[in-house]
Amino acid sequence: MNETEESKEEARQDSERELVLPGDFITDGKFRAGSGTYMDNGKIYASTVGIKSIRSDFVNVVPLAGQYIHKVGDQVVGIVMDMGPSNWLVDINSPYPAPMHINEAPWRVDFGDTARYLNVGEVILARIFMVDEVKHVQVSMKDHGLRKLQGGQILEISHSKVPRVIGRNGSMIQMIKNYTNCRIIVGQNGRIWVDGEIDAVDNAVKAIRLIEVEAQSIGLTERLKEFLESIQKEKKV
Amino acid sequence: MGGATTDLKLINEKGLRIDGRRPDELRPLKIEAGVLKRADGSAYVEWGENKVLAAVYGPRECHPRHMQNPTRAIVQCNYNMASFSVSDRKRPGPDRRSQEISKILSEALEHVVFTYLFPRTSIDVYIEVLQANAGTRCAGLVAASVALADAGVPMKDLIASCAAGKVADTIVLDLRNEEDNFGSADVPLGIVPRTGEIVLLQMDGDLSVEEFKTALSMSTDACHRIYAIQKEALRKKYCVAPAVIPAEVANAIHEVATEKPEGSDVPPNEMPGTPKEGLQ
Amino acid sequence: MSGGGESAMSDITRDHIYRMIEKNQRADGRKREDFRSINVETGFIKSAGGSAMVHLGDTRVLAGIKSIVGEPFPDTPDKGVLTTNAELIPLASETFESGPPKQPSIELARVVDRGIREGQAVDFQKLCIKAGEEVWINYVDIHILDYDGNLFDAANIAAVAALKTAIIPASKFEKGEDYPFPMKHLPISATFAKVNGHLISDPSFDEENVASARLTVVTTENGKLCAMQKGLGGSLTRAEVEKAIELSLEFGSKVRKQVFDV
């Protein structure tokens with residue numbers, strides 16, 4: 001409890017967080033340089049366009065642009081782009097295509113039989129299961145809840161906007177689900193799957209795009225609520 | 001470059017140039033970030049009568065595969081002039097001049113990009129000159145830097161670039177066509193503004209060492225002014241309002257993004273750039 | 001795969017597009033027969049004799065005209081020359097490769113050229129300086145800057161608008177006074193894609209990726225057809241072709257009115 005109070009206080013004090021650009025000075029030395037920053041001669045500078053964030057012992061920049069860089073444990077929406085006798089190659093919307101070995105599939109796949117279970121163009125919910133030091137990546141579908149996705153629609157948003165779309169404790173995405181009755185899965189890789197009745201899907205997509213475009217505006221939660229309420233009213237008419 | 005004679009008075013009695021500029025004056029410069037939909041990052045520059053567009057794709061899988069580097073990304077910059085960009089129509093396709101410029105621009109950009117974060121990939125930068133009036137390689141580099149930042153490619157800093165030269169025995173900044181054609185020297189420069197490192201430098205013509213130093217100081221100074229304009233272009237795109245994000249918004253993004261407090265992609269106290277720099 | 005742009009087409013996206021089109025809806029809110037809005041800016045490039053920047057939705061194309069003095073072709077000694085070239089530069093899309101023009105770029109240039117030539121758009125005799133010896137050689141260079149489908153229409157409109165507002169730089173070559181490029185007609189192209197059995201107008205990038213056939217129809221202001229091109233591996237029915245012609249005539253008038261006030 002003390003921790004949350006403390007961090008809220010920090011947030012209040014540090015309430016005006018600046019937009020920083022590559023090369024912008026952030027702070028002097030006793031901090032650790034986190035993601036989106038680099039250290040040079042004891043000083044810390046931004047390495048991407050983003051919002052600087054100074055915590056008690058480290059500094060980072062929350063990026064406002066840039067590719068999805070896979071991290072172990074991330075849940076991603078992938079598209080199968082190629083396959084061989086013992087694996088599939090999955091596009092995870094990153095600079096790196098991700099192989100998935102038949103041992104990591106949720107089915108019992110014999111060697112050479114990959115096409116029976118998953119084909120090029122199909123969409124899967126998978127998890128990043130291995131990343132090495134030179135960014136080779138592999139995905140797996142072995143966890144609970146991971147599966148082939150069918151029907152519905154996929155949209156892609158900038159990876160940097162994923163946190164905003166999810167919202168604090170998932171509040172934003174839950175709001176959209178409640179008003180549209182859609183199933184929505186947000187991949188960490190910026191791909192979002194939406195499924196439901198066709199008009200509801202359209203509205204959910206519009207709502208997500210609204211968040212994406214207005215990610216930095218004040219009163220976004222209110223505006224989103226207004227939008228969702230207006231479409232609900234339309235339905236009732 | 002140079003040698004040709006002209007009736008044009010490149011510098012008049014008042015010390016002004018043919019377009020009315022003082023020797024140390026830049027042509028009007030406008031930059032816009034994020035102008036293309038498809039590219040990962042882009043920028044458009046209007047500098048004097050130059051109109052230059054830059055687009056970035058990447059980091060992405062490196063093609064051709066044999067060019068892949070197992071430990072880092074390669075930066076491939078392609079500079080091209082549209083056929084209608086110059087007075088006498090240019091045949092489409094890369095000529096030797098474009099290839100040379102592509103090479104030196106790639107090398108300049110590679111110095112500031114944290115390529116070690118993206119092994120085996122390529123960061124492709126395309127520069128298209130739509131209308132040319134001398135200084136297009138500098139305009140291209142200015143645009144390319146903004147486009148890379150717009151694409152969210154991790155960088156040490158932007159690169160600012162400007163040329164200086166000699167015209168009628170006077171060192172002048174930012175040559176235009178006539179000054180480039182009838183002047184006696186041209187020195188394009190590209191620097192990393194924060195550190196002053198020189199990442200692009202060419203010279204042709206006839207200069208004494210003193211004159212060269214003057215030209216270098218003049219263009220270095222101009223680069224800092226250009227840097228401010230580059231940054232302004234990025235701020236304009238990424239900010240709805242001024243450079244300060246309102247607390248409510250910043251906190252929301254911050255809290256959500258740091259649910260799992262994490263370190264940088266590289267262990268702290270390690271410089272995620274070219275290690276031979278000795279920056280630590 | 002690069003982020004930000006589109007990635008591999010998935011079954012889900014394809015099926016979604018099919019379902020929507022079945023209901024006469026498209027991703028950007030259009031109906032099947034709707035074209036996107038067009039914006040044309042001429043005179044954008046001062047180093048060219050004429051130029052036009054066209055926005056068709058998010059597709060952006062720039063055309064520039066350059067004229068020089070040269071020899072006529074032996075079989076048309078009193079006529080000027082027009083050459084059309086299209087550059088699908090990698091800047092515009094991750095699907096464009098660098099290098100010499102490939103088939104899509106060549107097809108695009110030839111279809112745009114055919115529309116202008118067969119539409120009798122240019123008064124070639126007014127481009128003659130001295131019969132048998134000197135005529136104006138005119139280059140139409142089309143640069144794609146941003147790709148979201150339907151390059152044919154964007155390129156055609158850019159080329160026609162650039163030519164219409166171009167000036168022959170006669171004074172620069174000491175061949176008399178500058179004069180406006182001699183355009184007689186305004187051939188406008190309209191392109192359609194067949195997606196899951198339905199004909200849609202002005203396909204976007206995603207729609208082109210799931211289309212089985214494509215048809216471009218070029219019409220002139222007097223209601224005549226001057227060029228057509230069917231593309232992609234699927235087929236069209238006669239009814240579809242006739243419908244496309246009807247919609248092209250409509251679109252052509254609309255564009256002429258909006259862009260050229262004709």
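Rules and cut-offs
- Residues numbered from 1 in each chain as written.
- Chains lettered and ligands numbered in written order.
- Predicted model: local features only at pLDDT ≥ 70, side-chain atom pairs only at ≥ 80, totals over all residues.
- Heavy atoms only, no water.
- Helix = DSSP H or I, 4+ residues; strand = E, 2+ residues; numbered from the N terminus.
- Rg over C-alpha atoms; globule rule 2.2 N^0.38 Å.
- Buried < 20%, exposed > 50% of the residue type's maximum accessible area, 1.4 Å probe, protein only.
- Contact = heavy atoms within 4.5 Å.
- Buried area = accessible area lost by both parts, 1.4 Å probe.
- Salt bridge = Lys/Arg side-chain N within 4 Å of Asp/Glu carboxyl O.
- Pairing = 2+ DSSP bridges.
- Axes fitted to C-alpha atoms, helices over the stretch in contact; angles between N-to-C directions.
- Polar contact = N/O pair within 3.5 Å; in protein donor to acceptor, adjacent residues only side chain to side chain.
- Phe/Tyr/Trp six-rings, centres within 6.5 Å; stacked < 30°, edge-to-face > 60°.
- Lys NZ or Arg CZ within 6 Å of the ring centre and 35° of its normal.
- Parallel < 35°, antiparallel > 145°, perpendicular 65-115°, else oblique.
- Left-handed = near helix turned anticlockwise from the far one by under 90°.
- Nonpolar A, V, L, I, M, F, W, Y, C, P; charged D, E, K, R; others polar.
- Expected span 1.5 Å × (residues − 1).

## Let's talk about the overall build of chain C
The helix and strand inventory of chain C stands at five helices and 12 strands. Here the C-alpha atoms of chain C give a radius of gyration of 19 Å, agreeing with the 18 Å that 2.2 N^0.38 yields for 262 residues. Taking the principal axes of the C-alpha coordinates as reference, chain C spans close to 60 × 40 × 30 Å. Looking at chain C as a whole, 55% of its 262 residues are labelled buried. Considering only residue pairs separated by 6 or more positions, chain C has 68% of its internal contacts joining residues 24 or more positions apart.

## Describing the interface of chain B and chain C
Taken together, the contact pairs 27 residues of chain B with 33 residues of chain C. Contact with chain C buries area across many residues of chain B, yet Arg38(B), Phe84(B) and Arg89(B) alone supply 33% of it, more than any other trio. On inspection of chain B and its partner chain C, the count reaches three salt bridges. With a closest N to O distance of 3.5 Å, Arg38(B) and Glu94(C) form a salt bridge.

## Things to note about the sheet that holds strand E10 (residues 198-201) of chain C
Residues and elements named next belong to chain C. Spatially, four strands are ordered E10-E9-E11-E12 in an open sheet, and the strand pairing comes out antiparallel. Where the open sheet ends on each side, the last strands, each with one partner, are E10 and strand E12 (225-231). Averaged over neighbouring strand pairs, the angle between their axes works out to 20° when direction is ignored. The sheet contact formed by strand E9 (residues 188-195) and E10 spans four bridges and is antiparallel. Counted as the bridge partner of Phe-192 is Ser-201 from E10.

## Looking at the side chain of Asn133(B)
All names here are of chain B. Turning to its location among the elements, Asn-133 is positioned in the loop between strand E5 (121-131) and helix H2 (136-150). Of the residues examined, Asn-133 reaches a relative accessible area of 6% and is grouped as buried. Looking at Asn-133, its side chain comes within polar contact range of the main-chain nitrogen of Asn-177, at 2.7 Å. With residues up to four places along the chain from it excluded, the contact list for Asn-133 reads Arg-27, Glu-49, Asn-50, Leu-175, Arg-176 and Asn-177.

## Digging into the packing of aromatic side chains
As enumerated under the stated definition, the model contains 11 aromatic pairs over all chains in all. With 5.3 Å between their ring centres and 85° between their planes, Tyr147(C) and Phe205(C) make a pair best called edge-to-face. Within this pair, whereas Tyr147(C) is found in the loop between strand E6 (134-146) and helix H3 (151-164), its partner Phe205(C) is found in helix H4 (residues 205-209), the two being separated by 58 residues in sequence. The same class applies to Tyr147(C) as to Phe205(C), namely buried. Its guanidinium or amino end placed over the ring of Phe44(C), Lys51(B) lies 5.1 Å from that ring's centre, counting from NZ or CZ.

## Quick notes on the packing of helix H3 (residues 171-180) of chain A against helix H4 (residues 198-213) of chain A
Residue and element names in this part refer to chain A. Between H3 and H4, the least distance of the axes is 10 Å, while the angle of their chain directions is 155°. When the axis of H3 is compared with that of H4, the two are roughly antiparallel. Seen along the crossing, H3 lies across H4 with a hand that is right-handed. From H3, Met-172, Ile-176 and Thr-180 reach across to H4, where they touch Ala-200, Asn-203, Ala-204, Ala-207, Ile-208 and Ile-211.

## Some details on the pairing of strand E8 (residues 75-83) of chain A
Residue and element names in this part refer to chain A. Bridge count for E8 against strand E11 (residues 123-131) is five bridges, and the pairing is antiparallel. When the sheet's bridge partners are listed, Gly-78 is paired in E11 with Ile-124. The pairing of E8 with strand E9 (residues 87-91) spans four bridges and is antiparallel. Note on E9: the bridge partner recorded for Met-83 is Trp-88. If you look at the hairpin formed by E8 and E9, you'll find three residues sitting between the two strands.

## Remarks on the packing of helix H1 (residues 96-112) of chain B against H2(B)
Residue and element names in this part refer to chain B. Running from amino to carboxyl end, H1 crosses H2 at an angle of 40°, the nearest separation of the two axes being 11 Å. Considering their axes alone, H1 and H2 lie oblique with respect to each other. Relative to H2, the crossing made by H1 is right-handed. For the pair H1 and H2, the contacting residues are Arg-97, Ile-101, Ile-104, Leu-105, Ala-108 and Leu-109 in the first and Thr-136, Arg-137, Leu-141, Ala-144, Ser-145 and Leu-148 in the second. Tallied by class, the residues present in the contact of H1 with H2 amount to eight nonpolar, two polar and two charged.

## Points about the sheet that holds E5(B)
All names here are of chain B. Spatially, the five strands line up as an open sheet ordered E1-E2-E3-E5-E4, and their pairing is mixed. A strand with exactly one partner marks an edge of an open sheet, and here the two such strands are strand E1 (29-33) and strand E4 (74-81). Each neighbouring strand pair of the sheet contributes to a mean axis angle of 15°, computed without reference to strand direction. Where E1 lies against strand E2 (residues 41-47), five bridges are found, and the strand directions are antiparallel. Note on E2: the bridge partner recorded for Ile-31 is Val-45. Lying on the sheet, H1 is in contact with E4 and E5; it crosses E4 at an angle near 145°. Relative to the sheet, helix H4 (residues 209-238) contacts E1 and E2, its axis offset from that of E1 by approximately 35°.

## Focus on the pairing of strand E6 (residues 50-54) of chain A
Residues and elements named next belong to chain A. Extensive coverage of E6 is indicated by the burial of four of its five residues. Where E6 meets strand E7 (residues 58-63), five bridges bridge the pair, whose relative direction is antiparallel. Across the sheet, Gly-50 pairs through a bridge with Pro-63, a residue of E7. Taken together, E6 and the strand that follows it, E7, pair antiparallel across an intervening segment of three residues.

## Section: the pattern of salt bridges
A complete count under the given rule lists 56 salt bridges over all chains for this structure. The residue Glu49(B) makes a salt bridge to Arg176(B) at a minimum N-O spacing of 3.8 Å. In this pair, Glu49(B) is assigned in the loop between E2 and strand E3 (50-61) and Arg176(B) in the loop between strand E7 (170-173) and helix H3 (177-182), connecting sequence segments 127 residues apart. For Arg176(B), a relative accessible area of 12% puts it in the buried group. When the shortest N-O distance is used, the salt bridge between Lys175(C) and Glu134(C) registers 2.9 Å. Separated by 41 residues along the polypeptide, Lys175(C) in the loop between strand E7 (167-168) and strand E8 (179-180) and Glu134(C) in strand E6 bring together distant segments of the chain. Residue Glu134(C) is classed as partly exposed on the basis of its relative accessible area of 24%. Here the residues in one salt-bridge network are Arg17(B), Asp19(B), Arg21(B), Arg27(B), Glu49(B), Asp174(B), Arg176(B), Glu178(B) and Glu179(B), joined through shared partners.

## Here's the deal with the environment of Gln120(C)
Residue and element names in this part refer to chain C. Tracing the backbone through its elements, the reader meets Gln-120 in the loop between helix H2 (103-118) and strand E5 (128-130). For the pair Gln-120 and Met-228, spaced 108 residues apart in sequence, the C-alpha to C-alpha distance is 15 Å. Not counting residues within four places of it along the chain, the set of residues in contact with Gln-120 comprises Lys-184 and His-185.

## Brief notes about H2(C)
Residue and element names in this part refer to chain C. Taking 1.5 Å per residue as the helical rise, H2 with its 16 residues ought to reach 22 Å, and the 21 Å between its terminal C-alpha atoms agrees with that figure. For H2, the full list of buried residues reads Ser-105, Leu-108, Ala-109, Val-111, Val-112, Asp-113, Gly-115 and Ile-116. The secondary structure elements touched by the buried residues of H2 are strand E4 (81-87), E6, H3, strand E11 (213-219) and E12. Immediately downstream of H2, the backbone of Gln-120 shows phi near 50°, a positive value.

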